[in-house]
Amino acid sequence: MTGDTPAITVYRLQACPYCERVIRVLQELDVPYQSRFVEPMHSDRNVVKRISGKRTVPAIVDDETGVTMSESANIVEYLQHTYGDGSDAGGAA
């Protein structure tokens, strides 16, 4: 991590339940993160496509481990195993 910038960046939409699931898990694990809100129109999400290869959200970039991924279930599992104790604190969405 460099300076005061959190290692994890979450690419997300406003009011997206899958994005909120990831945010909830980050908060429960007390993992610092920064949010980047993306374009609502799927075809306009070029920033997400550049980082993850897909235009779907949520997507995360973890500068601490070098991991970039999308799909909320995959992200939650990754966060639990990397920053938590491996349990499913995020529940099902």
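That block above? That's the structure.
Residues numbered from 1 in each chain as written. Predicted model: local features only at pLDDT ≥ 70, side-chain atom pairs only at ≥ 80, totals over all residues. Heavy atoms only, no water.

K.L.:
Would you mind showing me how to read the sheet that holds strand β1 (residues 8–12) here?
P.N.:
For sheets, the rule is that strands pair by backbone hydrogen bonds, running either parallel or antiparallel. Ordered in space as β2-β1-β3-β4, the four strands form an open sheet in which the pairing is mixed. Pairing within the sheet leaves two strands with one partner each, and these edge strands are β2 (33–37) and β4 (67–70). Pairs of neighbouring strands in the sheet enclose a mean axial angle of 15°, with direction left out of account. Strand direction decides the pairing type here: strand β3 (residues 59–62) and β4, joined by four bridges, are antiparallel. Across the sheet, Ala-59 pairs through a bridge with Ser-70, a residue of β4. Sitting on the sheet, helix α1 (residues 17–28) touches β1, β2 and β3, and the angle it makes with β1 is about 155°. The strands touched by helix α3 (residues 72–83) are β1, β3 and β4; relative to β4, the strand with the most contacts, the crossing angle is about 145°. (Pairing = 2+ DSSP bridges. Helix = DSSP H or I, 4+ residues; strand = E, 2+ residues; numbered from the N terminus. Axes fitted to C-alpha atoms, helices over the stretch in contact; angles between N-to-C directions. Contact = heavy atoms within 4.5 Å.)

K.L.:
Mind showing me how you'd approach unusual backbone geometry here?
P.N.:
Only a minority of non-glycine residues have a phi that is not negative, and only a minority of peptide bonds are not trans. In this model, Val-57 is joined to Pro-58 through a cis peptide bond whose omega is 5°. Residue placement: Pro-58 occurs in the loop between α2 (46–52) and β3. A positive phi is found at Ala-15, a non-glycine position, where the angle reads about 60°. Mapping Ala-15 onto the fold places it in the loop between β1 and α1. Using a relative accessible area of 72% as the deciding quantity, one classes Ala-15 as exposed. Despite not being glycine, Asp-30 has its phi angle at roughly 60°, a positive value. Here Asp-30 shows up in the loop between α1 and β2. (Buried < 20%, exposed > 50% of the residue type's maximum accessible area, 1.4 Å probe, protein only.)

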